[in-house]
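Below are the chains, spelled out letter by letter.
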Amino acid sequence: MAEPRPVLQMTGVVKEFPGVRALSGVDFRLFPGEIHALIGENGAGKSTLIKVLTGVHSLDGGTITLDGESVEFTSPLQAQQAGISTVYQEVNLCPNLSVAENIFIGREPTRGGRIQWKRMRKEAAELVDRLGLDIDVAAPLSSYPLAVQQLVAIVRSVGTGDRETPGSGAGQAPGSGTATKVLVLDEPTSSLDRDEVLELFRLMRQLRDDGVAILFVSHFLDQIYEICDRMTVLRNGTLVGEHLVRDLDQVGLIELMIGKALDQLEELHEHQLHSDVGETLVKAEGLGRSGKISPFDLEIKKGEVLGLAGLLGSGRTELARLLFGADHPDTGKVTIGGKQVSMSAPNDAIGAGVAFCSENRRTEGLVPDLTVRENIILALQAARGWTRPIPASQRDELVAKYIKALDIRPANPEARVGQLSGGNQQKVLLARWLITSPQLLILDEPTRGIDIGAKTEIQRLVVSLSEDGMSVLYIAAELEEVLRLSHTIGVLRDRKLVARLANGPEITTSRILETIASGEHQ
Amino acid sequence: MTATAQKPKAAANGTASRTTRLLADPRLPVLVTAALFLAMYGGGLSRYTNYGFGEPQVFLNLFIDNGYLLVAAIGATFVILSGGIDLSVGSVIGFTTMFTAWLVERQGLPLVLVVPIALGVGAFGGFLMGYVIHNFEIQPFIVTLAGLFLFRGLCLVISKESISVSDPSVDTLAQTRVPLGLGELSIGALVALAVLAVAYYVLHHTRFGRRVYAIGGNEQSALLMGLPMGGTKIAVYTVSGFCSALAGLLFMLYIQSGDPLHAVGMELDAIAAVVIGGTLLTGGSGYVVGTLFGVLVLGLIKSLITFEGTLSSWWTKIATGVLLCAFILIQRTMTGRKKT
């Protein structure tokens, strides 16, 4: 394959935020008809690079050339008009509109100012059909699961250039190149299951063969090796290297990403579960809430890690929310440390020493506009009550200690949490609860959407916390993760706790899968 | 991994059963409101038929007596669909009655000149509020609250007394009735229906209208999809200002006077009509036809209370309150279902 001219070239890109140098002189190039992975740990600058490219952030230094012409975008619209379309991790479409509208909004076919609904639906159906998807374009977007919405977002972004903009007399020369040249996919697979990922990959390959340059960001290394042709690795805002995927194996890649050898990662794999599990700490009897989860009995011992396995929507989060009092149970009771606790509000649970890290760290956990320090201190202050403020010196000391212990980057207590990367936000949330020294720590998908380095750190932390006698309720989509960490594994299926398996050599992921599939004890 | 992959799909299909799909249909609240209207009308027929409730003109009077509210509520529909709120409606209506009465009576300007001036002033007021809301990223609640005080204050600058309008051209316009076979409609009612038709066309058949829905559905997404958000937002408040001014003109025709205390709190009637008509206060879902039924329901409550004869007019407020509460609860359960 002779190397053609890159469609996109970024040279020496610099981006600074107050107190953070997010990108320092990064080079990046993208060739037509290839899928190019952008890889790096959380906070390495992937999102920033994409946002600079698509006009969400302005450039502080460096140049961007598209098709040999120097460009600089100040809005997503400009980037889109130049042929750079983006599909973000969170689906950015309007759920209240129909699929066809979501594909065409902003460029609907019109005649005399009137939207030609029939033509729009027909063209949308054709486009969806041509891309090999089976979607009813007249249905509202909200009637489809997230995975399909993701695909619709991609259809929208590549559909942009397929039709010349209807002659509104805007003086645009015909064929002036509004076709999508670059498609940016920012972690599109983070909430998809395997089948859905395959469907997405099929679509990506088709677009690549049509000559579109695809920039793909993902935390799943397997996926990168499955679909990408070339990759660029970033670390701490600098370029580490650009490689053809076939030239670099996974171990080499991970070492490039984290900048150190893999020994530390493997350490955890060999780790043995400690066995000094104490007496029962939390006991739930017949706890349930109709429509959310059927009544269940559960026991968590002191120092035990209880992992919850089950499919998305099987009731894992619902179970955790009941134990934390975030939802009010219809039936049953909870005793913590021998005392019955009325779980009518999270305050009761917090008072009894339960901490809950939500899976939606953005919407249910952190306050993005407050600083790291304020976010960390929030729960402790709430536990003490507002009449007893924490002395400033003690507060700063605590915050510094946890920033160091969890390696929160940037290590600046004054940084706004909203500007931190996903993994670091997760650590802030963890720090907030750890500071209250809870007896039971509930972690709901603590490792979702964060990179392998941060993932390992969080898992290691769970292990050491349980060794110190803290009980942990651990929820994760990846069974390997649950299996590695848990003393006991609770299996959920269809909003019901169907089995409790004591972890041991005979328990494997396939055994758990069987239990999930059959829904039976033993 | 096949087992894990198959299950969520089945679950997703299961939840999208017919009942949930029906409950999530945005047209459902409009049907509920229409059914409520018909039920109330039927109830009125059975109870007051001897008093002439069955006359077609009683029905048509709903449009004559509430035309101005319909126009104001249509403006409010645009704003609420976009996810905003406009509290200045009542004040702009009051100001328009004062301003036009003053121009016609005290300054002797002809009506043909006064109408475009009044509409222009209202639209410009809306434009300014929209501009501030967008460019300074301030909550619409606060900005339009400022508008509420501003326009009410301007009424009193013009005059502290009410100005009655006896200009012959206004008189004839107010008295004109257009026969419709079964009954007749006033000019104001016809204008209101025309505004309704135009609003329907704009919301459903123009790009601007779809942008209003898109912004109300998810503002951040609309921005990232490259829609011109600022322009749309400003335009929405301009439309509302224009509709308020037009409603003020119709109100002036209906009452034939300008008064600094006209239409106090009417923005709340308009918002109530929009919500009862099934538009989500969070934006993005609703129909202008629903607003028509919302206005008709409010109007019908007033007529029913008049026919009852012994009830105080305050019962209108109580009935509105109860209805509003009921409809917000319906909306809540609907959106709640969508999420789970």
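What counts and how
Residues numbered from 1 in each chain as written. Chains lettered and ligands numbered in written order. Predicted model: local features only at pLDDT ≥ 70, side-chain atom pairs only at ≥ 80, totals over all residues. Pairing = 2+ DSSP bridges. Helix = DSSP H or I, 4+ residues; strand = E, 2+ residues; numbered from the N terminus. Axes fitted to C-alpha atoms, helices over the stretch in contact; angles between N-to-C directions. Contact = placed C-beta atoms within 7 Å. Parallel < 35°, antiparallel > 145°, perpendicular 65-115°, else oblique. Left-handed = near helix turned anticlockwise from the far one by under 90°. Nonpolar A, V, L, I, M, F, W, Y, C, P; charged D, E, K, R; others polar. Buried ≥ 20, exposed ≤ 12 C-beta atoms within 10 Å, placed from the backbone. Domains from an automatic or database assignment. pLDDT = per-residue confidence, 0-100.

Some remarks on the sheet that holds strand 9 (residues 182-186) of chain A
Residue and element names in this part refer to chain A.
Here is step 1: Ordered in space as 6-9-10-3-11-12, the 6 strands form an open sheet in which the pairing is mixed. Looking at the sheet topology across the chains shown, the edges are occupied by strand 6 (84-87) and strand 12 (238-244). The mean inter-strand angle of the sheet, taken between neighbouring strand axes irrespective of direction, is 20°.
Here is step 2: With 5 bridges joining them, strand 9 and strand 10 (residues 213-217) adopt parallel strand pairing. Of the residues in strand 10, the one forming a bridge with D186 is V217.
Here is step 3: The strands that helix 1 (residues 46-53) touches are strand 3 (35-39), strand 6, strand 9, strand 10 and strand 11 (230-235); relative to strand 9, the one it contacts most, it runs at about 145°.
Here is step 4: The strands that helix 5 (residues 146-159) touches are strand 6 and strand 9; relative to strand 6, the one it contacts most, it runs at about 175°.

Side note on the packing of helix 4 (residues 56-81) of chain B against helix 9 (residues 187-205) of chain B
Residue and element names in this part refer to chain B.
Here is step 1: Put simply, helix 4 and helix 9 touch, their axes get as near as 8 Å, and they point 30° apart. Here helix 4 lies roughly parallel to helix 9, going by the angle between them. Once helix 4 is placed against helix 9, the crossing between them reads as left-handed. Residue-level inspection shows F63, I64, G67, Y68, L70, V71 and I74 of helix 4 in contact with helix 9, the latter providing G188, A189, V191, A192, L193, V195, L196 and A199.
Here is step 2: Residue classes in the contact of helix 4 with helix 9 are distributed as 13 nonpolar, 2 polar and no charged.

A look at the pairing of strand 20 (residues 471-475) of chain A
All names here are of chain A.
Here is step 1: Burial runs high along strand 20: 5 of the 5 residues are buried.
Here is step 2: Burial along strand 20 is two-sided: the residues S471, L473 and I475 and V472 and Y474 are all buried.
Here is step 3: Where strand 15 (residues 305-309) and strand 20 come together, 4 bridges link them in parallel fashion. Within the sheet, the bridge partner assigned to G307 lies in strand 20 and is Y474.
Here is step 4: Pairing of strand 19 (residues 440-444) with strand 20, which is carried by 5 bridges, proceeds in the parallel orientation. Note that in strand 20 the partner of L440 across the bridge is S471.

A few points about the sheet that holds strand 16 (residues 331-336) of chain A
Residue and element names in this part refer to chain A.
Here is step 1: The 4 strands are arranged 14-13-16-17 in an open sheet whose pairing can be described as antiparallel. Strands with a single pairing partner mark the edges of an open sheet, and in this sheet they are strand 14 (293-301) and strand 17 (339-341). Averaged over all pairs of adjacent strands, the angle between strand axes in this sheet comes to 20°, irrespective of strand direction.
Here is step 2: Bridge count for strand 13 (residues 280-289) against strand 14 is 6 bridges, and the pairing is antiparallel. For T280, the partnering residue across the bridge sits in strand 14 and is K301.
Here is step 3: Here helix 10 (residues 316-324) sits on the sheet and contacts strand 13, strand 14 and strand 16; the angle it forms with strand 14, its principal contact strand, is near 65°.

A word on the domain arrangement of chain A
Residue and element names in this part refer to chain A.
Here is step 1: Structurally, chain A comprises domain 1 (8-166 + 174-261), domain 2 (263-353 + 438-522) and domain 3 (368-437).
Here is step 2: Inter-centroid distance (C-alpha atoms) of domain 2 to domain 3 is 25 Å.
Here is step 3: Listed by partner, the interface residues are 10 residues for domain 2 and 8 residues for domain 3.
Here is step 4: Residue contributions to the side of domain 2 that touches domain 3 peak at 3 residues, all from helix 16 (residues 452-467).
Here is step 5: Per-class residue counts for the side of domain 2 that touches domain 3 are 7 nonpolar, 1 polar and 2 charged.

Digging into the pairing of strand 3 of chain A
All names here are of chain A.
Here is step 1: Among the 5 residues in strand 3, 5 count as buried, and that is most of the element.
Here is step 2: On strand 3, burial covers both faces: I35, A37 and I39 on one face and H36 and L38 on the other are all buried.
Here is step 3: Across 4 bridges, the pairing between strand 3 and strand 10 is parallel. By the bridge assignment for strand 10, A37 is matched with F216.
Here is step 4: In terms of strand pairing, strand 3 meets strand 11 through 4 bridges, oriented parallel. Its bridge partner being in strand 11, L38 is matched across the sheet by T232.

Some points on the confidence of the model for chain B
Residues and elements named next belong to chain B.
Here is step 1: Averaged over chain B, the pLDDT score is 88; the fraction of residues at 70 or greater is 91%.
Here is step 2: The secondary-structure element of chain B with the lowest mean pLDDT is helix 1 (residues 2-15), recorded at 38, while helix 9 shows the highest, at 96.
Here is step 3: Taken together, the chains of this predicted complex give a pTM of 0.71 and an interface ipTM of 0.82.

Comments concerning helix 13 (residues 266-276) of chain B
Residues and elements named next belong to chain B.
Here is step 1: Burial within helix 13 is extensive, with 10 of its 11 residues counted as buried.
Here is step 2: All buried positions along helix 13 are accounted for by M266, E267, D269, A270, I271, A272, A273, V274, V275 and I276.
Here is step 3: Just past helix 13, the residue G278 takes up positive phi, approximately 95°.

Structural notes on unusual backbone geometry
Residue and element names in this part refer to chain A.
Here is step 1: Backbone geometry places N236, a non-glycine residue, at a positive phi of 50°.
Here is step 2: Looking at the element boundaries, N236 is found in the loop between strand 11 and strand 12.
Here is step 3: The phi dihedral of D407 falls on the positive side, at around 55°, and the residue is not glycine.
Here is step 4: Turning to its location among the elements, D407 is positioned in the loop between helix 14 (392-405) and helix 15 (422-434).
Here is step 5: Overall, the presence of 13 C-beta atoms within 10 Å leaves D407 in the partly exposed class.

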